[in-house]
Amino acid sequence: MAILPMQSVKHDAYIGRFAPSPTGPLHLGSLFTALASFLHARHHHGKWLLRVDDLDTPRNKEGSVSSILKTLEAFALHWDNNVYYQSQHLDSYHHLLSELEQNQLTYRCNCSRKSLAEMFPDDTPKNNIYPGICRNKSLPSDTQHAIRLKTEPCTLCFQDELQGLISHDLAKQHGDFILKRKDGVIAYQFAVVIDDYLQGVNHVVRGSDLLEETPKQTFLQQLLGFSTPTYLHVPVIVDHHGYKLSKQTLATAVDTKSTNKSLFDLLVLLKQNPPDELDGASVSELLDWAIMHWCTDELALCSAISL
């Protein structure tokens, strides 16, 4: 399979990244993950890249990118290299999608969410697995369709640095999943694998809400001949109802007026146990201490942290 040129880096150089979507300003949960990713990279004397996941254009909001960048800068989370925008790499996604199609690893699917919901009204994990309705059909290319990747019964395993050994049977637990949506948007699962390859990312620190999606990505990495990064899935922050902080749950934007207090509180949430004498310290002092003392031991096997 044709391989795209990747960023030239030393084989053992740590390269991490933070990849927000421009669907609104950063909220506390997003900043929590950004901080963990930043500290992990800097503690290992690595690079920390910034990627804007702007493929899902219907959800993008004007002004979000500027707001996100300003918030990161306010907390002195300075990234390396230029900001990477997914929307500038459409040719790469379509090139590799074509390669998979030519190798008969994908198929067209015209099933709608509504038709699948009607077929499986009981919304359980088992019923969320696509049953392969279109797998053996030959839908014409001029009909509206999604592109699905064929999966086969196989167990994929990877060792997460926080969550331990993760093992999934793709066919049984996920089924054939979408690489390109009906509306023409490249799916997250596909784009993120190509992005990490193109940027030379070899360490991924992100929220535990994406842990279950990682086997799909490791499967794609194997198909495309890409190396699999080291993964570390940090806990997500949940509210007093147990819901993850997100734009969907109307999480409020990060307040950049008292960055040092917010940063200290985030270090507490990250179980870094900053000393009391740092309460009130400057952002730079807090980050210097946090980079030197970064430790994830107390986060092990933890998937959520309550405010």
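Coordinates for the structure precede this section.
The paragraphs below set out a description of the structure included in this document.

Conventions used here
- Every chain is numbered on its own, with residues counted from 1 as its sequence reads.
- Restriction of local features to residues with pLDDT of at least 70 applies here, the model being predicted, together with a cutoff of 80 or more for giving and counting side-chain atom pairs; totals for whole chains, interfaces and linings are based on all residues.
- As a rule here, side-chain values cover all heavy atoms of the structure and leave hydrogens and water aside.
- In the sections that follow, a salt bridge refers to a side-chain nitrogen of Lys or Arg positioned within 4 Å of a carboxyl oxygen of Asp or Glu.
- Whether a residue is buried, partly exposed or exposed follows from its accessible area with a 1.4 Å probe, protein chains only, as a fraction of its type maximum: under 20%, in between, or over 50%, in that order.
- Paired strands are those between which DSSP finds at least two bridges.
- Helix and strand assignments come from DSSP, with helices taken as H or I runs of at least 4 residues and strands as E runs of at least 2, each series counted from the N terminus.
- The axes are straight lines fitted to the C-alpha atoms, using for helices just the contacting stretch, and the angles between their N-to-C directions are given from 0 to 180°.
- Pairs of residues are marked as contacts when any of their non-hydrogen atoms sit within 4.5 Å.
- Working rule for angles: under 35 degrees goes down as roughly parallel, over 145 as roughly antiparallel, 65 to 115 as roughly perpendicular, anything else as oblique.
- Should the near helix be turned anticlockwise from the far one by less than a right angle, the crossing is termed left-handed; should it be turned clockwise, right-handed.
- Residues were grouped as follows: Ala, Val, Leu, Ile, Met, Phe, Trp, Tyr, Cys and Pro as nonpolar; Asp, Glu, Lys and Arg as charged; and all remaining residues, including Gly, as polar.
- Crossovers are described as right-handed under a simple rule: with the strands pointing away from the observer, the path leading from the first strand over the helix to the second runs clockwise.
- Within this scheme, the nonpolar core is defined by two criteria: the residues are buried Ala, Val, Leu, Ile, Met, Phe, Trp, Tyr or Cys, and they are joined through side-chain atoms within 4.5 Å.

Throughout the structure, instances matching the rule amount to eleven salt bridges. Between Arg-181 and Asp-183 there is a salt bridge, and its shortest N-O distance comes to 2.7 Å. With a relative accessible area of 27%, Arg-181 lands in the partly exposed category. Classification of Asp-183 as partly exposed rests on a relative accessible area of 46%. Across the pair Asp-265 and Lys-261 runs a salt bridge whose closest N-O atoms are separated by 3.1 Å.

All right, on to the sheet that holds strand E8 (residues 177-180) then. Strands sit in the order E4-E5-E8 across an open sheet of three strands; the sheet is antiparallel. What marks the edges here is a single partner per strand, and that holds for strand E4 (106-109) and E8. Shown here is a sheet whose adjacent strand axes are inclined to one another by a mean of 45°, direction ignored. The pairing of E4 with strand E5 (residues 146-149) spans four bridges and is antiparallel. Looking across to E5, one finds that Tyr-107 is bridged to Arg-148.

Here we come to the environment of Pro-131. Here Pro-131 shows up in the loop between helix H4 (113-119) and E5. According to the relative accessible area criterion, Pro-131 is partly exposed, its value standing at 41%. Considering only alpha carbons, one finds Pro-131 and Leu-165, 34 residues apart in sequence, at a separation of 27 Å.

Whenever strands of a sheet pair, they do so through backbone hydrogen bonds, lying parallel or antiparallel. Sheet architecture is open: three strands sit in the order E1-E2-E3, paired in parallel fashion. The open sheet has two free edges, formed respectively by strand E1 (15-18) and strand E3 (80-85), since each of these has just one partner strand. Mean inter-strand twist for the sheet, computed between neighbouring axes without regard to direction, equals 30°. Alignment of E1 against strand E2 (residues 47-52), held across four bridges, turns out to be parallel. Note on E2: the bridge partner recorded for Phe-18 is Leu-50. The sheet contacts of helix H1 (residues 28-43) involve E1, E2 and E3, and relative to E2 the element is tilted by about 150°.

The geometry of helix H6 (residues 188-199) relative to helix H7 (residues 214-224) is characterised by a closest axis approach of 9 Å and an angle of 55° between their N-to-C directions. When the axes of H6 and H7 are compared, the pair comes out oblique. Relative to H7, H6 is oriented so that their crossing is right-handed. Every residue of H7 that contacts H6 at Tyr-188, Gln-189, Phe-190, Val-192 and Val-193 is listed here: Lys-216, Gln-217, Leu-220, Gln-221 and Leu-224. Of the residues in the contact of H6 with H7, the class split is six nonpolar, three polar and one charged.

Before going further, it helps to spend a moment on the pairing of strand E10 (residues 230-234). In terms of burial, E10 is largely enclosed, as four of its five residues are buried. In terms of strand pairing, strand E9 (residues 203-207) meets E10 through five bridges, oriented parallel. Within the sheet, the bridge partner assigned to Val-205 lies in E10 and is Leu-232. Remark: the E9/H7/E10 crossover connection has right-handed handedness.

With that out of the way, let us pick up the nonpolar core. Membership of the largest hydrophobic core comes to 45 residues, with the highest contact counts inside it found for Phe-32, Leu-35, Leu-39, Trp-48, Leu-72, Leu-77 and Leu-287. Apart from the residues lying within four places of it in its own chain, the contact partners of Leu-35 are Leu-77, Leu-263, Leu-266, Leu-267, Leu-270 and Leu-287.

A separate point is helix H8 (residues 259-269). Listed as buried for H8 are Thr-259, Ser-262, Leu-263, Phe-264, Leu-266, Leu-267 and Leu-269. The elements touched by buried residues of H8 are H1, helix H2 (64-74), strand E11 (236-238), helix H9 (283-293) and strand E12 (304-306). Directly after H8, the chain includes Lys-271, whose backbone phi takes a positive value near 60°.

Take it as geometry only, folks, not as evidence of what the structure does.
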